[in-house]
Amino acid sequence: MKHTIKELEDIASQIRRDIVRMVHGCQSGHPGASLGCADFFTALYFEVLNHKTDFTMEGKGEDLFFLSNGHISPVWYSTLAHAGYFDKSELATFRKLDSRLQGHPTTHEHLPGIRIASGSLGQGLSVAIGAALAKKLNGDHSHIFALLGDGELQEGQNWEAAMFAPFNKVDHLIASVDYNGQQIDGPTSKVLALDDLQAKFEAFGWHVINTDGNDMQAIVEGLHYAKTLTGKGKPILNLMSTQMGAGVDYMVGSHKWHGTAPNDEQLASALAQLPETLGDY
Amino acid sequence: MKKYTYTEKKDTRSGFGAGLHEAGKKNENVVALCADLVGSLKMDAFIKDFPERFTQVGIAEANMIGIAAGMTIGGKIPFTGTFANFSTGRVYDQIRQSVAYSNKNVKICASHAGLTLGEDGATHQILEDIGLMKMLPGMVVINPCDYNQTKAATMAIAEYEGPVYLRFGRPVIPVFTDPDQKFEIGKAWMVNEGTDVTIIATGHMVWKAIEAGEKLAELGIDAEIINIHTIKPLDDEAILKSVKKTGCVVTCEEHNKFGGLGESVARLLTTELPTPQEFVATNDTFGESGTPDQLMSKYGLDAVNIVEAVQKVIGRKKA
């Protein structure tokens, strides 16, 4: 372990502060699933991912991460800043004119850490597979990580990719699903039920593991365990249960905070629940 | 009228296959992907020599575009192959976000474009793909005119860094361009110098423009014929220079007149040099089943249609 669990939890707390402040600052963006994935991003970037903050597009010899559900950009931007990809002061520009921190992540403004645009849903898994195939051709055995939203799995392209990866033994790929059970119009169980995702991915040939995405110890161990499963002929799917809005009591578990910004009072209430550990931007 | 002859007829898709094979030999980063149409796209030679650099994606075009975009991150130069319809409309958003907006070095190679796909009918005969692709910021759009030019274009786009849409077709047509030509993206080819009218043609319509030029010569009309193989970026300079001389223009394409080469030329001319223009193109319609020749005739894409358009536009010039 590079950090103790307590240290990682402290980083996640700061990232959560950043998320609510960023979304409040521009009165737009997606706080709910950003908060829900703060522990995953912390574990990934501060513990699991073999990466350099001196960013290159190819990332030779490095693990790569792809975010398919691009709307949770606040959690990624804050994580990248605290990991050292760019100065955290830039977080104040989120969703504002002339910013590198666009509403959805993009390579267009050359923000270090981003390798492809995402936002229009369902495309990230295919891209991650492509990056994995290129690494294989280059004799680079690093890992490819991807995060997908659960509602996003309603997009058909995911299932094209899900069918491709096991058949072609893309086995250095670890895809996590942010299984919070919520989407814009309500619970996924009411909008278009995902039902037994484990059985579905297993039927396609994936090795599926389950983790609690809001328990730092569990997510660190889960991602390390996932790495041990790679190179054995199957892609890995981490079915990661999270709570939308985790860390801010009035947001927890509600799809209403998918894409709504807190007002001043709500911001104060959220920040009171989230200790400032690394210094606000 | 300069004399053009040919000794054989070949399909432009075979030019693509030959070019891909050559590009693969030259650069080990060239990789190919196909969505279950290897034979139609003539990828066999590449696959035979470079099996590890070929990915069969199956009938899953969206996934193919995404995988291609991802492969560029590892320094690969992916050439995706399927029919033009499934290369564009079916995967527009994947191209828009994962390729064009992300500025990925993907070559989208599209066969069976236009009416000359023939008997399969309108579901497969896309006449809107040039428009779709040219609207994407940063996308290069190329529609070569014969086997040799398609081969040269395929090799040239492997050397170019950035997203490209390469459009070609199914039928065998005359091979009349230089087998050793150097293909320069964005540079028009002067097919015939003339003074009375500028005929601007792309793809399969270039040979038809040559046929029309011969008929026009018999009628005493001296046509300048320009091959625009690169619809974007357009060779503004070549077009303006020619039109300044001739004073009228006919654009020819196997594509809807809405959104095609003709509109690109019209946009240039209305801002720089307002000029009478006629369009030889399909007229906001879908195609249908039939042989390529029957379809080109029925939808007004023959040499005779170019001759008529020239006579009309010259009349407008004089008016």
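Residue numbering note: each chain is counted from 1, following its sequence as written. Each chain takes a letter, starting from A, and each ligand takes a number, starting from 1, following the order in which they are written. Side-chain atom pairs in this predicted model are given and counted only at pLDDT of 80 or more, local residue features only at pLDDT of at least 70, and totals for whole chains, interfaces and linings cover all residues.

A. Layout of the overall build of chain B. Secondary structure elements follow DSSP: runs of H or I of four or more residues count as helices, runs of E of two or more count as strands, with numbering from the N terminus. The helix and strand inventory of chain B stands at 13 helices and 14 strands. It is over C-alpha atoms that the radius of gyration is taken, and the globule rule equals 2.2 Å times the number of residues to the power 0.38. For chain B, the C-alpha radius of gyration of 19 Å lies close to 20 Å, the compact-globule estimate for 319 residues. Residue burial here comes from a neighbour count, namely the number of other C-beta atoms, placed from the backbone, that lie within 10 Å of the residue's own C-beta, with 20 or more meaning buried, 12 or fewer meaning exposed, and in between meaning partly exposed. Here chain B, with 319 residues, has 61% of them falling under the buried criterion. A residue pair is marked as a contact if its C-beta atoms, positioned from the backbone, fall within 7 Å. Long-range contacts, defined here as pairs at least 24 residues apart, represent 81% of the contacts in chain B between residues at least 6 apart.

B. Molecular detail of the domain arrangement of chain B. All names here are of chain B. Taken as a whole, chain B is organised into domain 1 (9-174) and domain 2 (189-318). A straight line from the C-alpha centre of domain 1 to that of domain 2 covers 25 Å. When contributions to the side of domain 1 that touches domain 2 are tallied by element, the ones reaching two or more residues are α7 (129-134), β6 (140-142), α8 (147-159) and β8 (172-174). The start and end points of each domain follow an automatic or database-based domain assignment.

C. Structural detail: the sheet that holds strand β4 (residues 77-83) of chain B. Residues and elements named next belong to chain B. Strands are labelled as partners when DSSP assigns at least two bridges between them. Pairing in this open sheet of 7 strands is mixed, and the strands run β3-β2-β4-β5-β7-β6-β12 from one edge to the other. Each end of this open sheet is capped by a strand with a single partner; those strands are β3 (54-56) and β12 (230-232). The mean angle between the axes of side-by-side strands here comes to 20°, regardless of whether they run parallel or antiparallel. Sheet topology places β6 next to strand β7 (residues 164-167); 3 bridges connect them, and they run parallel. Following the sheet pairing, Val140 is matched in β7 by Val164. Under this scheme, a helix contributes an axis fitted over its contacting stretch, all axes are lines through C-alpha atoms, and angles between N-to-C directions fall in the 0 to 180 degree range.

D. How the structure looks around helix α13 (residues 303-318) of chain B. The span one expects for a helix is its residue count, reduced by one, times 1.5 Å. Given a rise of 1.5 Å per residue, 16 residues ought to cover 22 Å, and the 23 Å separating the end C-alpha atoms of α13(B) matches this to within 8%. Among all positions of α13(B), only Ala303(B), Asn305(B), Ile306(B), Val307(B), Ala309(B), Val310(B), Val313(B) and Ile314(B) are buried.

E. Up close: the sheet that holds strand β7 (residues 236-241) of chain A. All names here are of chain A. Spatially, the 5 strands line up as an open sheet ordered β1-β2-β3-β7-β6, and their pairing is parallel. What marks the edges here is a single partner per strand, and that holds for β1 (64-67) and β6 (207-212). Averaged over all pairs of adjacent strands, the angle between their axes in this sheet comes to 20°, without regard to strand direction. One ladder, built from 6 bridges, connects strand β2 (residues 144-149) with strand β3 (residues 173-179); its direction is parallel. Residue pairing across strands places Ile144 opposite Leu173, the latter belonging to β3. Along the sheet face, helix α5 (residues 124-137) touches β1, β2 and β3 and points at about 175° away from the line of β2.

F. Focus on the packing of α5(A) against helix α4 (residues 61-73) of chain B. One way to put it is that α5(A) packs onto α4(B) with a least axis distance of 6 Å and a crossing angle of 45°. By the angle class used here, α5(A) and α4(B) are oblique. Between α5(A) and α4(B) lies a crossing whose hand is right-handed. On α4(B), the residues that touch Ser126(A), Val127(A), Ala128(A), Ile129(A), Gly130(A), Ala131(A), Leu133(A) and Ala134(A) of α5(A) are Asn63(B), Gly66(B), Ile67(B), Ala68(B), Ala69(B), Gly70(B), Met71(B) and Ile73(B). Under this grouping Gly is polar, as are all residues other than the nonpolar Ala, Val, Leu, Ile, Met, Phe, Trp, Tyr, Cys and Pro and the charged Asp, Glu, Lys and Arg. For the contact of α5(A) with α4(B), the residue count by class is 11 nonpolar, 5 polar and no charged. Each angle is binned into one of four classes, with values under 35 degrees roughly parallel, values over 145 roughly antiparallel, values of 65 to 115 roughly perpendicular, and all other values oblique. For any helix crossing, the convention is left-handed if the near helix is rotated counterclockwise from the far helix by under a right angle, and right-handed if that rotation is clockwise.

G. Quick look at the nonpolar core. As used here, a nonpolar core is made of buried Ala, Val, Leu, Ile, Met, Phe, Trp, Tyr and Cys residues. They are joined through C-beta atoms within 7 Å. Formed by 184 residues in total, the largest nonpolar core has its most connected members in Ala128(A), Ile129(A), Ile199(B), Ile306(B) and Val310(B). Residue-level mapping places this core at the junction of two domains, with at least three residues from each of domain 1 (9-174) and domain 2 (189-318) of chain B. Not counting residues up to four positions away in its chain, the partners in contact with Ala128(A) are Phe66(A), Ile144(A), Ala146(A), Leu173(A), Ala175(A) and Gly70(B).

H. Expanded view of unusual backbone geometry. Residue and element names in this part refer to chain B. Backbone torsion omega between Lys232 and Pro233 reads 0°, so that peptide bond is classified as cis. By the element assignment, Pro233 lies in the loop between β12 and α10 (236-246). The residue His112 is not glycine, and still its phi comes out positive at about 60°. Its place among the elements puts His112 in the loop between β5 (107-111) and α7.

I. The pairing of β7(A), seen in detail. All names here are of chain A. Burial of β7 is extensive: 5 of the 6 residues sit out of reach of the surface. In terms of strand pairing, β3 meets β7 through 6 bridges, oriented parallel. Note on β7: the bridge partner recorded for Ala175 is Leu237. Relative to β7, β6 runs parallel, the two sharing 6 bridges. In the strand pairing of β7, Asn210 is matched with Leu239. Assessed by its sense of winding, the connection that carries the chain from β6 through helix α9 (residues 216-228) to β7 is right-handed. For crossovers, right-handed means that the path from the first strand over the helix to the second runs clockwise, given strands pointing away from the viewer.

J. Summary view of the interface of chain A and chain B. Counting residues at the interface gives 26 residues for chain A and 22 residues for chain B. The set of elements that each furnish at least two residues to the side of chain A that touches chain B consists of α5 and α6 (157-167) of chain A. When grouped by side-chain class, the residues that make up the side of chain A that touches chain B number 12 nonpolar, 10 polar and 4 charged.

K. The arrangement of α10(B) in detail. Residues and elements named next belong to chain B. For α10, the set of buried residues is Ile239, Ser242, Val243 and Thr246. Each buried residue of α10 lies within a common arc of 95° when the element is viewed along its axis, so the set occupies one face. Residues of α10 that are exposed and angled more than 90 degrees away from the buried face: Glu237 and Lys244. Residues of α10 that are buried make contact with β10 (197-201), β11 (223-227), β13 (249-256) and α11 (261-272). Count one or two residues on from α10 and you reach Gly247, which has phi positive near 80°. Think of it as the arc spanned by the lines of direction from the helix axis to the C-beta atoms.

L. Quick look at the confidence of the model for chain B. Confidence of the predictor at the level of single residues is captured by pLDDT, which takes values from 0 to 100. On average, chain B scores 98 in pLDDT, and the residues at 70 or more come to 100%. In the predicted assembly, ipTM is 0.97 and pTM is 0.98.

M. Representation of the environment of Val191(B) in the model. Among the secondary structure elements, Val191(B) is positioned in strand β9 (residues 189-192). A sequence separation of 18 residues divides Val191(B) from Ala209(B), and the C-alpha atoms of the two residues are 9.5 Å apart.

N. Structural detail: the pairing of β2(A). Residue and element names in this part refer to chain A. By the criterion of burial, β2 is predominantly enclosed, with 6 of the 6 residues buried. A two-sided burial pattern is seen for β2, the buried positions comprising Ile144, Ala146 and Leu148 on one face and Phe145, Leu147 and Gly149 on the other. Bridge count between β1 and β2: 4 bridges; the pairing is parallel. Pairing of Phe65 across the sheet is with Phe145, part of β2.

O. Here's a closer look at the environment of Gln182(A). All names here are of chain A. Examined against the element boundaries, Gln182 turns out to sit in strand β4 (residues 182-183). Distance in space between the C-alpha atoms of Gln182 and Val248 is 16 Å, their sequence separation being 66 residues. Excluding its chain neighbours within four sequence positions, the residues that come into contact with Gln182 are Gly32, Pro187, Thr188, Met244, His255 and His258.

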